Amino acid sequence: MTMTSSRPYMIRALYEWIVENKCTPYILVDAHAEGVEVPQQYVNKDGQIVLNIAPSAVMSLLVDNNGVSFNARFGGIPTDICVPSHGVLGIYARENGQGMIFEAETQPDPPVPTPPPEDGGKKHRLRVIK
C-alpha cells in the first residue's frame, strides 16, 4: 500500500515542538524545487535559503500537507512565501540546532485521472430480488 509523505506531518510536529520550547523555528529550503516561491536575491550559491518562521517573524503562517506558506518582510517589502513540502530540506531551532534534516524527495506525481465509466455515467441501482 502506498502512503503519502510523512514530511508535512514531521514539519508541523517539529514546528510546534520548537515553538513550545521557546525557540525560533527555521526551515532550510531548496529554492530551486518546483513550486517554491522565495525572494531569489537571498538564495545562497547552493540554491538554498533559510527562513525564520517564528510567529513573531511572519504573518498568516499555514503549515499543512501541501507545505508552508506565509507573508514576511524582506528588505522592508512584504512578500508572500510558498514552499511545497518537498522543497523543505529541514526544520530546526536557531538557538541549538535541534530539529531534522530530510532526505531528498521529489515532487509527488499528480494523480492519474480516472476514465469515465463505459456505461456513459448512468447511475447504478440495487434491487431486491425475491
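Provided above is the structure to which this section pertains.
What you see is a predicted model, and the numbers here were worked out from it, not measured in a lab.

### Topic: the overall build of the chain
If you tally the helices and strands in the chain, you get one helix and seven strands. Along its sequence from the N terminus, the chain presents helices and strands in the succession α-β-β-β-β-β-β-β. Every one of the 130 residues in the chain was classed for burial, and the buried ones make up 35%. A separation of at least 24 residues holds for 53% of the contacts in the chain among residues at least 6 apart in sequence. If you sum the accessible surface of the chain, you get close to 9,500 Å²; carbon and sulfur atoms cover 55% of it.

### Structural notes on the pattern of salt bridges
All chains considered together, the criterion is met by one salt bridge. Between Glu95 and Arg94 there is a salt bridge, and its shortest N-O distance comes to 3.3 Å.

### Some details on the packing of aromatic side chains
Summed over all chains, the structure comprises two aromatic pairs. Taking 5.9 Å as the distance between ring centres and 75° as the angle between the ring planes, the aromatic pair formed by Tyr26 and Tyr92 counts as edge-to-face. Within this pair, whereas Tyr26 is found in strand E1 (residues 25-30), its partner Tyr92 is found in strand E6 (residues 88-93), the two being separated by 66 residues in sequence. Given a relative accessible area of 18%, Tyr26 falls into the buried group. Their ring planes at 45° and their centres at 5.5 Å tell us that Tyr42 and Phe74 sit as a pair that is tilted. Of this pair, Tyr42 sits in the loop between E1 and strand E2 (48-52) while Phe74 is found in strand E4 (residues 67-74), placing the two residues 32 residues apart along the sequence.

### Looking at the pairing of strand E3 (residues 59-64)
As judged from the four bridges shared by E3 and E4, these two strands associate in the antiparallel manner. If you follow Met59 over to E4, its bridge partner there is Asn71. Between E3 and E4, which pair antiparallel one after the other, the connecting turn spans two residues.

### Observations regarding the sheet that holds E2
Across the sheet, four strands lie side by side as E2-E1-E6-E7; this open sheet has antiparallel pairing. At either end of the open sheet lies a strand with only one pairing partner, and these are E2 and strand E7 (99-101). On average, each strand axis in the sheet is inclined to that of its neighbour by 20°, with strand direction left out of account. Examined bridge by bridge, E1 and E2 share five bridges and lie antiparallel to one another. Bridge pairing links Tyr26 to Asn52 in E2. Each of E1, E6 and E7 is contacted by helix H1 (residues 7-20), which is oriented at about 15° to E6, the strand it contacts most.

### Examining the side chain of Thr79
Along the polypeptide, Thr79 turns up in strand E5 (residues 77-84). A polar side-chain atom of Thr79 sits 3.0 Å from the main-chain carbonyl oxygen of Ile77. Discounting residues that sit within four places of it in the chain, Thr79 has contacts with Pro39, Phe70, Asn71, Ala72 and Phe74.

What counts and what doesn't
Counting from 1, residues in each chain are numbered in the order their sequence is written. With the structure being a predicted model, the display of local features is reserved for residues of pLDDT at least 70 and the display and counting of side-chain atom pairs for 80 or more, all residues being used for whole-chain, interface and lining totals. Side-chain descriptors were evaluated using all non-hydrogen atoms of the structure, hydrogens and water having been removed beforehand. Elements are defined by DSSP. Helices are runs of H or I of four residues or more, strands are runs of E of two residues or more, and each kind is numbered from the N terminus. Each residue is placed in one exposure class: buried if its accessible area under a 1.4 Å probe, protein chains only, is under 20% of its type's maximum, exposed if it is over 50%, and partly exposed if it falls in between. The contact criterion used is simple: two residues touch if any of their non-hydrogen atoms lie within 4.5 Å. Using the Shrake-Rupley algorithm and a 1.4 Å probe, accessible areas are obtained, with residue cover drawn only from the displayed protein chains. When a carboxyl oxygen of Asp or Glu is within 4 Å of a side-chain nitrogen of Lys or Arg, the pair counts as a salt bridge. Centre distance within 6.5 Å is the pairing criterion for rings of Phe, Tyr and Trp, where only the six-membered ring of Trp is used; planes under 30 degrees apart are then read as stacked, over 60 as edge-to-face, and the remainder as tilted. DSSP calls a pair of strands paired once it identifies at least 2 bridges connecting them. Axis definition: a line fitted to C-alpha atoms, over the contacting stretch in the case of helices. Angles run 0 to 180 degrees between N-to-C directions. Within 3.5 Å is the distance limit for a polar contact, defined as a pair of N or O atoms, with the added protein rule that one can donate a hydrogen and the other accept it, and that residues adjacent in sequence qualify only through two side-chain atoms.

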